[in-house]
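Working through the structure, step by step
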Amino acid sequence: MAHAALKTVKVPPNSASLEEARKRTIDFFKLACRSLPSVMEIYNLDDVVTVSQLRSTISAEIRKNAHITNPKVIDLLLFKATEELSNVVTHSKQRHHLIGQYVVGSGLIQDTGAKDQGISDFLKQFYTSNYF
């Protein structure tokens, strides 16, 4: 259902006002939330994250840009977000991309730091001194 809706999405003309851009943002959020169950099914994310956690991640991403008041910039961000959603729904990304970007990267799952437990002190110092 969400896949069919995304196929018909065309680039709309620029928003005339901030209110129109705000309405388009809310419409995008609704579309993204409606597509979450199919995304969960496509990528088999049930064991990693819930739909409500992904919904809050999308909401947080939108709220990160709440300070922007230029409708053209908002339209550009909405275009990029629509492209991202289209890529996710059409399975253009792999499962680990979604987990890294929207589950672990957003703080839904804490990285325990277990990677450095078996590394010697020399390698720890080497890695910290050679990251640019």
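Computed from a prediction, not measured in an experiment: that's the story for all the values here. (Residues numbered from 1 in each chain as written. Predicted model: local features only at pLDDT ≥ 70, side-chain atom pairs only at ≥ 80, totals over all residues. Heavy atoms only, no water.)

When its secondary structure is counted, the chain shows six helices and zero strands. For the chain, the α and β elements follow one another from N to C terminus as α-α-α-α-α-α. Of all 132 residues assigned to the chain, the portion counted as buried reaches 27%. Taken as a whole, the chain presents about 9,300 Å² of accessible surface, with 57% of it coming from carbon and sulfur. (Helix = DSSP H or I, 4+ residues; strand = E, 2+ residues; numbered from the N terminus. Buried < 20%, exposed > 50% of the residue type's maximum accessible area, 1.4 Å probe, protein only. Areas by Shrake-Rupley, 256 points an atom, 1.4 Å probe, with all protein chains shown as cover.)

Glancing now at the pattern of salt bridges. All told, the structure shown has six salt bridges when counted by the stated rule. A salt bridge links D75 to R24; its shortest N-O distance comes to 3.8 Å. Placement of D75 in helix 4 (residues 71-89) and of R24 in helix 2 (residues 18-43) is noted, with a sequence separation of 51 residues between them. As far as the burial class goes, D75 and R24 line up, both buried. Salt-bridge contacts for E84 lead to K93; the nearest nitrogen and oxygen are separated by 2.7 Å. Under the relative-accessibility criterion, E84 is labelled partly exposed at 21%. Shared partners join several salt bridges into a network, and the residues in it are E20, R24 and D75. (Salt bridge = Lys/Arg side-chain N within 4 Å of Asp/Glu carboxyl O.)

Time to look at the confidence of the model for the chain. When the pLDDT values of the chain are averaged, the result is 83; 80% of them are 70 or greater. Within the chain, the lowest mean pLDDT, 58, falls on helix 1 (residues 2-7), and the highest, 94, falls on helix 2. (pLDDT = per-residue confidence, 0-100.)

The subject of this paragraph is the nonpolar core. Formed by 22 residues in total, the largest nonpolar core has its most connected members in V39, Y43, L45, V49, L54, L85 and L98. Residue assignment for this core shows that the elements contributing at least two residues are helix 2, helix 3 (51-63), helix 4 and helix 5 (95-104). The element contributing the most residues to this core is helix 2, with eight residues. Setting aside residues no more than four positions away along its own chain, L54 makes contact with L36, M40, L45, V49 and Y102. (Core = buried A, V, L, I, M, F, W, Y, C linked by side-chain atoms within 4.5 Å. Contact = heavy atoms within 4.5 Å.)

The next point concerns unusual backbone geometry. In this model, N44 sits at a positive phi of 55°, which is unusual for a non-glycine residue. By the secondary structure assignment, N44 is in the loop between helix 2 and helix 3. The phi dihedral of H91 is positive, around 65°, even though this residue is not glycine. Looking at where H91 falls in the secondary structure, it is placed in the loop between helix 4 and helix 5.

In this section: the side chain of K93. Topologically, K93 is positioned in the loop between helix 4 and helix 5. Here the side chain of K93 touches E84 through a polar contact of 2.7 Å, side chain to side chain. The contacts of K93, once residues within four sequence positions are left out, are Y43, E84, N87, V88, L98 and Q101. (Polar contact = N/O pair within 3.5 Å; in protein donor to acceptor, adjacent residues only side chain to side chain.)

This brings us to the side chain of T25. Looking at the secondary structure, you find T25 in helix 2. Apart from the residues within four sequence positions on either side, T25 is in contact with I62, I74 and L78.

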